[in-house]
Structures are given as C-alpha cells and as structure tokens.
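So you can see what is in the structure, the chains are spelled out below.
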Amino acid sequence: MKMTKILIALSVLLAFALLIAGPSAAQTTGSGSFKKDKEIEIPFGIPVDESWATNAANYSVYEKPDPDIRVSPESISLDARRTTATLKFKDALNTAAAYVVEVKDILSEGKVIGSREFLVKKGEAQILFGLLLGAMLINNFVFTKYLGLCIFFGVSQKKETAIGMGITFTIVMVLSAIMCWALYTFVLQAFHLDFLKIIVFIGTVAIFVQAVDTILRKVNPYLFKRLGVYLVLIVTNCIILAVPLLNADSSRGPFASLTFGLGAGVGFALALFLMACVREKLEVSRVPLMFKGLPVAFIVTGLFALAFLGFSGLAIF
Amino acid sequence: MNRNVQLLWNGFIPENPIFRLALSLCPAVAVTTSVKNGVMLGLAVVFVQVASSCTVTLFKSFIHPRIRIPAYVIIIATWVSVIDMVLPVFSPAVYKEVALFVKLIVVFAIIISRLELFASKEPFVPSFFDGMGMGIGFLFGLALTSAIREFFGAGQLWGQDILGFKPLLIMILPAGGFFVIGFIMATFNWLEYKITGKIPASGGGH
C-alpha cells in the first residue's frame, strides 16, 4: 500500500503545480452567463431603457479568438426590473468557448452612460465536469464510440475480473493521458513533429505499461498477482490510444486531458461491470444454440447501448 | 488446392477476422454506418496488413524474439502513419468520418496476431497471401455489416437512395451495429452447423 500512497502524493503535487502554472483568465469590465445553448444573459446592474435595450444594433457578439466573425442575436428581451437583458440566438452557441458581448452607449433613464464589454464563458470547473460526464456516460466509449470492444468482450465473463480490469485500466488511463499530454505539448508540438504522434503515443503507453508491470512485481507482489494479468492486455485496448489522440486533436489543457482520461476510464469500468453482471446470468439461462457465447453478448451490448442513449439528455452542462 | 489460394480463402470465410475470430470489433461497429466508410477503412486495413506482414517476414531474422512485440507495433505504426497521410488526400470527405479509426489501426488485434502467428515464421510469399486473405476477409466483414446497416437504417447503398424511406432507423444508431454483428455471427454459426453438422464452439476468443 506504500506504493499507492506515493502515487497519490505524486499526482496531488502534479495537480497543484499545474494549477499554479495554469493561465489566469483575463479581466473585462463585466461578465455574463450562458442560459441555454442559444441564450446569453447580461446583467447591467442598473435599470436601462427598454427601447434601447431591445435594439439588436446596440450589441455586437463574437467568439473570443476571432472578433471578425460576428454572431447577431435574433431577439432581445429585458426582465421586469429592466436590469438584465437576455439575448436569443438562432443557432446554438459553442458553450465550451468564451464569447465577448460589446454593448454600445448604454441608455439609462434617458442618459447615455457609456459602452461596456461583457465576457461570457463557463467556469473552468463547469467545463471539466461536463467533460467528465461526457466521457463517462453521454459518450461512453464502449456503448456510443465502440472502442475497447476486444477487452470488453474478453474479460466481462466474471464480476471479479471485471472489477480488477476496471480499476487497473482507470489508473493506467489517467496516468498515460497526462503523460501523453506532456509529451505532445513539450516535445512534439515544440519541434513540429505532429505527424509522429501515433508512434509516440503507442510507444509511450507500451513503455508505461511495461514499467508499471515491472515496478509492481517488485514493490507489491500481492497487488501484482491481482492485477498483473490485465496490465498486459491494456496495451491492446483502443481507448488507451484514442484518448490521447482525441486530447491532442482538440488541444485540451492538462486538466481537461486528465479529466477526459478519468472519465474514459471510469466509463469503461462501469460498462465492464454492467456487462459482467448480465453475462453471469446468461451463463445459466437458456440461449438459442446458435446465439451461445459472443452473438448473444453482442445483442446484450446493443440493448445497453440503447439504454445509454438516454444519457444524451444529460448534456446540459 | 494451391496453398496460396487456400490461405486467401482461409481469411475470407473459415477464419474471418470479424465473424469467426472476433478480433478487431471496434471498427466493425463504429464505421459501418455507410458502405463507403466501411470499404475505405477495409482497404486501409488491407494495405496495413499486407505491408506489415511483408516487412516482418523480410526482417524476421533481425528482430530479437524478446523485443518482438514492440518491434511489431512500431512497424505497424509506421505503415499506419503512411496511410493516415495518403487517405486525406485521396478522399477527404470519407477521411473526416473515419479519421480516428485509421489512426487506431495500430491497435487492431487482427494485424498483430497475424504477424505473431504467421508472418514471423513463414517465408515471404505465403505471408503475403495470408496478410492479403485476412485483409480481404476484414474488408468483406465491414462491407457486409455496413451494407445491411445502411440499407435498413438509411434506405441507401453507397450513398444512393434505393428505398426512399428509412425502414429501421435503429440500424444506424450505436445499438444497431451491435445487433447486426450479433445476428451475422449467429448466422455463421448456423451455416457451420448445417454444413459440418457440428455444434459450433462459442464463436472465438476476444
């Protein structure tokens, strides 16, 4: 158990270092918030004139990195106290990004007060939570992205092995996601070697798994006996390669990469456990002869996938 | 039968990677929403399988047995990088949908298992035909699955409207892929039972 303590301490240290080094958000004069994915709410703080506030020409809205591409609100409404305006848009906004709303010549009780700028974005924690939930349930890697099926069908015969594999996989997934992020940002992008990312990522994962295998064998033979078998299998799991690739493609930061890896790992463990529960029952039930074994496992997975479609309603974060 | 022809046939039906060996299932479900995607990825796999089988069989005397797995992975990753650069130029529209899976060919179990079981022991010509057979079997599996799914899910084949309506929308949803593969596997089992009279074993490993 000493090993686990050291690992936990190391990861906490790493997290703190990244937190301090992380970029701090730029300050603007005000901040608004997303209401739904098509609405932005702006608090003025003072009562404003309705005829001014509902005129779309007084607002200019753009996504933060490109001020040239304007999105114009379809309609604007003011609340009863006349202090908060709600901008409605025709198309859904990219709520993971930051928007800037410039408001021209604010008119309050007949007097012009001046122009203000509002920054509209989600909180960092909100984005991370959305990412975690997305990887875990809404876009579960097994049921909606169909990755890691080989392992999924291979080790889901017993609950006990499913739990062991799930835990081992989650640990390796999180650690290799953060390692691949570091390699990608500090080595591959720095030297413009992006095209090598497939080779580098799979190499990293393979070396990492081999290293954990060797260390665990010496440091904690008991844990090794429980988890050692699954370690080697992890290399052939598509998810372990897909997560760093997806992270690199959408250029996620360290925290987002870590969260995405954690979500993917927990999601896979959950899928594996659910499947193991069903397959233990299947063993003793009467399945048509031709469907025995894998075919019926596929049908069951299909039913799970249908059930997981229901989680798409969770995408409100 | 000529041995080379036999090797080709072996990968096609008796040891079909998807339906008999049950290897590399992820792409079989994921990209098979339309025939075009399925066939494109299948062709990419044929290329990678043949190229890496040939590479391994040529260099097998230089690869130390103890580091063979990392060596195989690097060889596969090299060829995957090649196809990953060629495909976007060749057909950008299809690549956009199958991009992730082209990169993931590296971890397809079927390729590394053929290298380990066949190409590392046999001479050049049989290795070529074995790789070809397995690749074509995989392509066949993808094409069959995607044809069923596209026909019933979208009423189309290769992007062409055939039915004019969508009989079973579930087929192009995630769940449909699992159902179709399950049913095709069961059909293969049934065929084997009819032909050989044996009750098939539980349909491959993992």
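Each residue is numbered by its place in its chain's sequence as written, counting from 1. Chain labels run from A onward and ligand labels from 1 onward, assigned in the order the entries are written. Owing to the predicted nature of the model, reporting of local features is limited to residues with pLDDT of at least 70; listing and counting of side-chain atom pairs is limited to 80 or more, with chain, interface and lining totals taken over all residues. Excluding hydrogens and water, the side-chain figures rest on all heavy atoms present in the structure.

Chemist: Before we go on, may I ask you to explain the confidence of the model for chain A in this structure?
Modeler: Along the chain, pLDDT gives the predictor's confidence residue by residue, from 0 to 100. For chain A, the average pLDDT comes to 79, and 88% of its residues sit at 70 or higher. Two residues qualify as a contact provided that any one of their heavy atoms is within 4.5 Å of a heavy atom in the partner residue. Within the model, pLDDT remains below 50 along residues 21-28 of chain A, and this stretch shows five contacts once partners closer than five positions in the same chain are excluded.

Chemist: Would you take a moment to explain the interface of chain A and chain B for this structure?
Modeler: Accessible area lost upon the coming together of the parts is a frequently used measure of interface size. Contact residues are listed per partner, giving 40 residues for chain A and 41 residues for chain B. Across the chain A/chain B interface, buried area totals approximately 3400 Å², and carbon plus sulfur atoms make up 86% of it. The term buried area means the drop in 1.4 Å probe accessible area that two parts suffer when joined, counted for both and summed. The three residues of chain A that bury the most area against chain B are A:Tyr146, A:Met290 and A:Phe298, which together make up 22% of that side's buried surface. What counts as a salt bridge is simple: a side-chain nitrogen of Lys or Arg found within 4 Å of a carboxyl oxygen of Asp or Glu. For the pair chain A and chain B, the interface holds zero salt bridges. Polar contacts, as counted here, are pairs of nitrogen or oxygen atoms within 3.5 Å of one another; within protein the pair requires one atom able to donate a hydrogen and one able to accept it, and residues that are adjacent in sequence qualify only if both atoms are side-chain atoms. Counting every contact that joins chain A to chain B gives zero residue pairs in polar contact (both at pLDDT 80 or more). Strands here mean DSSP runs of E at least two residues long; helices mean DSSP runs of H or I at least four residues long; both are numbered from the N terminus. Broken down by element, the side of chain A that touches chain B gets its largest block of residues, 10 residues, from helix H10 (residues 294-309) of chain A. Side-chain classes follow a simple rule in which Ala, Val, Leu, Ile, Met, Phe, Trp, Tyr, Cys and Pro form the nonpolar group, Asp, Glu, Lys and Arg form the charged group, and the remainder, Gly included, forms the polar group. Each residue belonging to the side of chain A that touches chain B can be placed in one class, and the counts come to 29 nonpolar, seven polar and four charged.

Chemist: How do you make sense of helix H6 (residues 109-119) of chain B when you look at a structure like this?
Modeler: Along an α-helix, residues three or four apart share an orientation, since each turn contains 3.6 residues. Residue and element names in this part refer to chain B. Burial runs high along H6: eight of the 11 residues are buried. Here's how the labels work: a residue is buried when its accessible area is under 20% of the maximum for its type, exposed when over 50%, partly exposed in between, all with a 1.4 Å probe on protein chains only. Inspection of H6 places Ala109, Ile110, Ile111, Ser113, Arg114, Leu115, Phe118 and Ala119 among the buried residues, and these make up the whole buried set. Elements in contact with the buried residues of H6: helix H1 (3-12), helix H3 (35-59), helix H4 (68-90) and helix H7 (124-154).

Chemist: Mind showing me how you'd approach the environment of B:Val125 here?
Modeler: Here B:Val125 shows up in helix H7. Taking the C-alpha atoms as reference points, B:Val125 and B:Asn4, separated by 121 residues in sequence, lie 8.1 Å from one another.

Chemist: Even after reading the chapter, I still don't get the nonpolar core, so can you show me in this structure?
Modeler: In globular proteins that are soluble, nonpolar side chains generally tend to be buried together. Remark: nonpolar core denotes a set of buried residues (Ala, Val, Leu, Ile, Met, Phe, Trp, Tyr, Cys) joined through side-chain atoms within 4.5 Å. Of all hydrophobic cores here, the largest spans 122 residues; its most connected members are A:Leu147, A:Leu149, A:Phe152, A:Phe153, A:Ile239, B:Phe101 and B:Leu104. Excluding residues that lie within four positions of it along the chain, A:Phe152 makes contacts with A:Val142, A:Phe143, A:Phe268, A:Ala271, A:Leu272, A:Met275 and A:Thr301. Counting residues in hydrophobic clusters, the runner-up holds 21 residues, among them A:Ile40, A:Ile42, A:Ala85 and A:Val101.

Chemist: Just to check I follow, could you spell out the packing of aromatic side chains for this structure?
Modeler: How two aromatic rings sit relative to each other is given by the distance of their centres and the angle of their planes. When two rings of Phe, Tyr or Trp (its six-membered ring) have centres within 6.5 Å they constitute a pair, described as stacked for plane angles under 30 degrees, edge-to-face for angles over 60, and tilted for the intermediate range. Scanning all chains against the criterion turns up 17 aromatic pairs over all chains. For the pair A:Tyr146 and B:Phe178, a centre-to-centre distance of 6.1 Å together with 55° between the ring planes defines the contact as tilted. Taken together, the residues A:Tyr146 in the loop between helix H3 (124-138) and helix H4 (149-154) and B:Phe178 in helix H8 (residues 174-196) connect one chain to another. Grouping aromatic residues by their ring pairs yields a cluster made of A:Phe143, A:Tyr146, A:Phe152, A:Phe153, A:Phe298, A:Phe304, A:Phe308, A:Phe311 and B:Phe178. Here, a charge over a ring means that NZ of Lys or CZ of Arg falls within 6 Å of the ring centre while also lying within 35 degrees of the ring normal. In this arrangement the basic side chain of A:Arg252 is found over the ring face of A:Phe260, its NZ or CZ atom lying 4.2 Å from the centre.

Chemist: Would you mind showing me how to read the pairing of strand E8 (residues 111-120) of chain A here?
Modeler: For a regular strand, side-chain orientation follows a simple rule: the groups alternate between the two sheet faces. All names here are of chain A. Note on pairing: DSSP must find at least two bridges between two strands before they are called paired. In the sheet, strand E1 (residues 30-34) pairs with E8 via three bridges, with the strands oriented parallel. For Gly30, the partnering residue across the bridge sits in E8 and is Phe118. Pairing geometry for strand E7 (residues 99-108) and E8, over eight bridges, is antiparallel. Looking across to E8, one finds that Leu107 is bridged to Val112. Where E7 hands over to E8, the hairpin turn is made up of two residues, of which Glu109 adopts a positive phi near 50°.

Chemist: What is the right way to read the packing of helix H5 (residues 159-188) of chain A against helix H6 (residues 197-219) of chain A from this model?
Modeler: The description of two packed helices rests on the angle between their axes and on the distance between the axes. All names here are of chain A. A fitted line through C-alpha atoms serves as each axis, taken over the contacting stretch for helices, and the angle formed by two N-to-C directions is quoted from 0 to 180°. In contact at an axis separation of 10 Å, H5 and H6 are set at 140° when each is read in the N-to-C sense. One finds that H5 runs oblique with respect to H6. Seen from above, H5 lies across H6 with right-handed handedness. Between H5 and H6, the residues in contact are Val172, Leu175, Ser176, Met179, Cys180, Leu183, Tyr184 and Leu188 and Lys197, Val200, Phe201, Thr204, Val205, Phe208 and Val209, respectively. Among the residues making up the contact of H5 with H6, the classes are represented as 12 nonpolar, two polar and one charged. Small angles under 35 degrees read as roughly parallel and large ones over 145 as roughly antiparallel, with 65 to 115 read as roughly perpendicular and the rest as oblique. Each crossing gets its hand from how the near helix is turned against the far one by less than a right angle, where anticlockwise is left-handed and clockwise is right-handed.

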